Amino acid sequence: MEQNDDGQEMMQGLIDRLTAHMQETEWEELTDTNVNADKADPDAPSLRSWRKDGDTTTSFTVKMESIWPMMNHNEMYAMFSDIEARQKWDTRWINIKCLARSPNPKSATFYI
């Protein structure tokens, strides 16, 4: 991502801090939200989630691993990152804003 003005530089700083935060190891697995987490059915989608408390008592971060074995990466990314399409099948995504998209089709940062 190019840093051509103060806004871009600030956004890149936020993305860099989020990336470092996601790599930390102190995450609590949310086992009650897992689906096929042990991949007992290798052909079925699986989902694992973790939670980490934030800096204040009112903030936390959720990290998810979602595996869709019958779908290639680009199809899966398109399904999850196309805001208009996702709002049709994922009712949790009603009022969202895309903060950044990487030219590499493997990452995006959203504000929900």
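Procedures and definitions
- Per chain, the residues get numbers from 1 upward, laid out in the order the sequence is written.
- With pLDDT at 70 or above as the cut-off, local features in this predicted model cover only qualifying residues; side-chain atom pairs require 80 or more to be listed or tallied, and sums for whole chains, interfaces and linings still use all residues.
- Water and hydrogen atoms were dropped before computing side-chain values, which therefore reflect all heavy atoms in the structure.
- When DSSP finds at least two bridges between two strands, those strands are taken to pair.
- Only DSSP runs of H or I with at least four residues qualify as helices, and only runs of E with at least two residues qualify as strands; both kinds are numbered from the N terminus onward.
- For every residue, the accessible area (1.4 Å probe, protein chains only) is compared with the maximum for its type, and the residue is labelled buried under 20%, exposed over 50%, or partly exposed between those bounds.
- Confidence scores here are pLDDT values: one per residue, from the predictor, ranging 0 to 100.
- Pairing of aromatic rings covers Phe, Tyr and Trp, the last counted by its six-membered ring, and requires centre-to-centre distances within 6.5 Å; plane angles under 30 degrees mean stacked, over 60 mean edge-to-face, and any other angle means tilted.
- Here, a charge over a ring is recorded when the distance from Lys NZ or Arg CZ to the ring centre is within 6 Å and its angle to the ring normal is within 35 degrees.
- Residues forming no salt bridge and having over 30% relative accessible area are the ones grouped into patches, like charges within 9 Å of each other and nonpolar side chains (Val, Leu, Ile, Met, Phe, Trp, Tyr) within 5 Å.
- Here the accessible surface of atoms and residues is derived via Shrake-Rupley with a 1.4 Å probe, and residues count as covered only by protein chains that are part of the display.
- A pair is scored as a salt bridge if a Lys or Arg side-chain nitrogen falls within 4 Å of a carboxyl oxygen belonging to Asp or Glu.

Caption draft 1: Region of the structure containing the pairing of strand β2 (residues 46–53). Judged from the 2 bridges that link them, strand β1 (residues 28–29) and β2 form a sheet pairing that is antiparallel. Among the inter-strand pairings, E28 is bridged to a residue of β2, identified as R51. In this sheet, strand β3 (residues 60–67) lies alongside β2 in antiparallel orientation, the contact comprising 8 bridges. Counted as the bridge partner of K52 is T61 from β3. Taking the residues between adjacent antiparallel strands as the criterion, β2 and β3 are bridged by 6 residues.

Caption draft 2: Quick peek at the sheet that holds β2. Read across the open sheet, the 3 strands follow the order β1-β2-β3; overall the sheet is antiparallel. The two strands at the open ends of the sheet, each matched to only one other strand, are β1 and β3.

Caption draft 3: Quick peek at the environment of E26. Positionally, E26 belongs in the loop between α1 (6–23) and β1. Among the residues examined, E26 registers a relative accessible area of 64% and is labelled exposed. Separated by 24 residues in the primary sequence, E26 and W50 place their C-alpha atoms 9.6 Å from one another.

Caption draft 4: Spatial organisation of the confidence of the model for the chain. Per-residue confidence for the chain gives a mean pLDDT of 76, with 76% of residues at or over 70. Averaged pLDDT values for the elements of the chain fall to 61 in strand β5 (residues 108–111) and rise to 90 in β1.

Caption draft 5: Representation of the packing of aromatic side chains within the structure. Tallied over the full model, the rule gives 0 aromatic pairs. When the ring centre of W50 is taken as origin, the NZ or CZ atom of K63, which lies over that ring, is 5.7 Å away.

Caption draft 6: Broad picture of a nonpolar patch on the surface. A cluster of nonpolar residues, F60, V62 and M64, forms a patch on the protein surface that exposes about 290 Å² of accessible area. Inspection of the secondary structure assignment puts M64 in strand β3. According to the relative accessible area criterion, M64 is partly exposed, its value standing at 47%.

Caption draft 7: A look at unusual backbone geometry. Phi is positive for N36, which is not a glycine, with a value near 50 degrees. Along the chain, N36 turns up in the loop between β1 and β2.

Caption draft 8: Here's a closer look at the pattern of salt bridges. Evaluation of the coordinates by the stated rule reveals 3 salt bridges. A salt bridge links R48 to E29, with the shortest nitrogen-to-oxygen separation between them at 3.1 Å. Of the two residues, R48 is situated in strand β2 and E29 in strand β1; the sequence distance between them amounts to 19 residues. Accessibility expressed as a relative area gives 29% for E29, which makes it partly exposed. Close ionic contact of E65 with K39 constitutes a salt bridge, the shortest N to O distance being 3.9 Å. Of the two residues, E65 sits in strand β3 while K39 sits in the loop between β1 and β2, which places them 26 residues apart along the sequence.

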